[in-house]
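# Per-entry structural report
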Amino acid sequence: MSPSKALPFCIFLLLLLCAASPAVGGDDSQSPTVYEILQEYDFPVGLLPKGVTRYELDQTTGNFAVYLEKTCTFSLSGYDLKYMSKITGKISKDRLTNLKGVQVKVLLFWINIVEVTRDGDELDFSVGIVSADFAIDNFFESPQCGCGFDCVNSGENSTGEFNLKQLISSA
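Presented here is an overview of the structure given in this document. (Residues numbered from 1 in each chain as written. Predicted model: local features only at pLDDT ≥ 70, side-chain atom pairs only at ≥ 80, totals over all residues. Heavy atoms only, no water.)

A full pass over the atoms with the stated rule returns two disulfides. Linked covalently through their sulfurs, cysteine 72 and cysteine 145 form a disulfide whose S-S length is 2.0 Å. Residues cysteine 72 and cysteine 145 share a disulfide whose torsion about the S-S bond is about -115 degrees; that sign makes it left-handed. Here the residue cysteine 72 occupies a position in strand E4 (residues 72-76), and cysteine 145 occupies one in the loop between strand E10 (131-135) and helix H3 (151-154), the gap between them amounting to 73 residues. (Disulfide = S-S within 2.5 Å. Helix = DSSP H or I, 4+ residues; strand = E, 2+ residues; numbered from the N terminus.)

Encoded structure:
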């Protein structure tokens, strides 16, 4: 191929690759945040804890991956939740399916949350054979790893580590 024909071909190939690639966020200030993506699909931001480092979303299939710095645990409304450092699934309007990486503690066992659906002002969390509904207004804020929404009173700082001075002074 002559150099004069190679340049337009390379440009065409580059444009084709860019159009086919999935959206990746978290590293680019122009990309929407993962929390904004949740809202685009009619979900509240509080489905994910604070501290997402990046995400990947294939807008044609809805397949996604969300990355946290490390595994994240906290209590929320009487439930212990665990978010792995990588969460995957498929998103569509009012529906998260094929979830992997989010668990709830039931008695002594950690059970995977496999699906979340929105029905009006309620979110339905399914672990397969059983599900539970919660009011959407419980999820307008993102919880923080380690302490959920009670970080000030728990003695835990924003890194998920305990502030020993605060624990001693509150005792």
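In the case of a regular strand, side chains alternate between the two sheet surfaces. As judged from the five bridges shared by strand E9 (residues 122-126) and E10, these two strands associate in the antiparallel manner. Directly across from serine 126, in E10, lies its bridge partner serine 131. Taking the residues that link successive antiparallel strands as the turn, the E9-E10 hairpin has four residues, and the phi of glycine 128 there is positive, at about 115 degrees. (Pairing = 2+ DSSP bridges.)

Moving on to the side chain of serine 126. Counting through the fold element by element, serine 126 comes out in strand E9. Engagement of the side chain of serine 126 in a polar contact is seen with the backbone nitrogen of glycine 128, the distance being 3.1 Å. Not counting residues up to four positions away in its chain, the partners in contact with serine 126 are Asn112, Ile113, Val114, Glu115 and Ser131. (Polar contact = N/O pair within 3.5 Å; in protein donor to acceptor, adjacent residues only side chain to side chain. Contact = heavy atoms within 4.5 Å.)

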